[in-house]
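# Observations on chain architecture
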Amino acid sequence: MTSPLQRKLKIAGPTVVTANRLADGAVVWLSATGGWTDHIGAAAVGATSEEVLRLLDIAHGDENTAVGAYPAPVRLGADGSIEPANLRERIRAGGPTVALPAGASVAA
């Protein structure tokens, strides 16, 4: 359930909902079908506060799969591609910013 504070959400451009998958901690985005995807390009994009609040309600209703859902700003490319709009989300979408030890991998 979305808190009353989030009901006053101000959206200033395209926004997606992101969270972390409960099973492995991977970064995921809410898709247009209401499920979770590990590809930002498949995320549902909201442009108004009402649209993003609806997406957050869907996300918070599925906290057995993903937790910590929040709105994240994105940019839409000329071809319709979705790109993170700030540094935090670029890091979350791109994976670790340091080299991993030999033999380690990032769950996809």
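Here, every reference points to the structure presented above.
One numbering rule holds for all chains: residues counted from 1, following each sequence as written. Local features in this predicted model are restricted to residues whose pLDDT is 70 or higher, and side-chain atom pairs enter the listing and the counts only when it is 80 or higher, whereas totals over whole chains, interfaces and linings include all residues. Calculation of side-chain values draws on the structure's entire complement of heavy atoms; hydrogens and water are dropped beforehand.

On to the nonpolar core, then. Nonpolar side chains in soluble globular proteins generally cluster together in the buried interior. Residue types Ala, Val, Leu, Ile, Met, Phe, Trp, Tyr and Cys, when buried and joined through side-chain atoms within 4.5 Å, form a set referred to as a nonpolar core. Buried residues are those whose accessible area, probed at 1.4 Å on protein chains only, stays under 20% of the maximum for their type, while exposed residues exceed 50% and partly exposed ones sit between those limits. In terms of nonpolar packing, the biggest core is built from 13 residues, with V17, A19, L30, W36, A59 and A69 touching the most fellow members. Elements represented by at least two residues in this core include exactly β1 (15–21), β2 (27–30), α1 (49–60) and β4 (66–76). Helix and strand assignments follow DSSP, with helices taken as H or I runs no shorter than four residues and strands as E runs no shorter than two, numbered in order from the N terminus. At 5 residues, α1 tops the list of elements feeding residues into this core. Contacts: residue pairs with any heavy atoms within 4.5 Å of one another. Non-local contacts of A59, meaning those with residues more than four positions away in its chain, are made with V17, L30, W36 and A69. Of all hydrophobic cores here, the second largest spans 9 residues; its members include A43, A72, V74 and I82.

Moving on, we come to the pattern of salt bridges. Throughout this description, the term salt bridge denotes a Lys or Arg side-chain nitrogen within 4 Å of a carboxyl oxygen of Asp or Glu. Under the counting rule described, the total for this entry stands at 3 salt bridges. Note that R88 and E89 form a salt bridge whose closest N and O atoms lie 3.5 Å from each other. You can call R88 exposed: its relative accessible area is 52%. One salt bridge connects E89 with R92, and the closest N-O pair in it is separated by 3.3 Å. Within this pair, E89 and its partner R92 are both found in helix α2 (residues 87–94), separated by 3 residues, close to a single helical turn. Across this residue pair, the class does not change: E89 and R92 are buried. Connected through salt bridges with shared partners, the residues R88, E89 and R92 form a single ionic network.

Keep in mind these numbers describe shape, not what the thing actually does.
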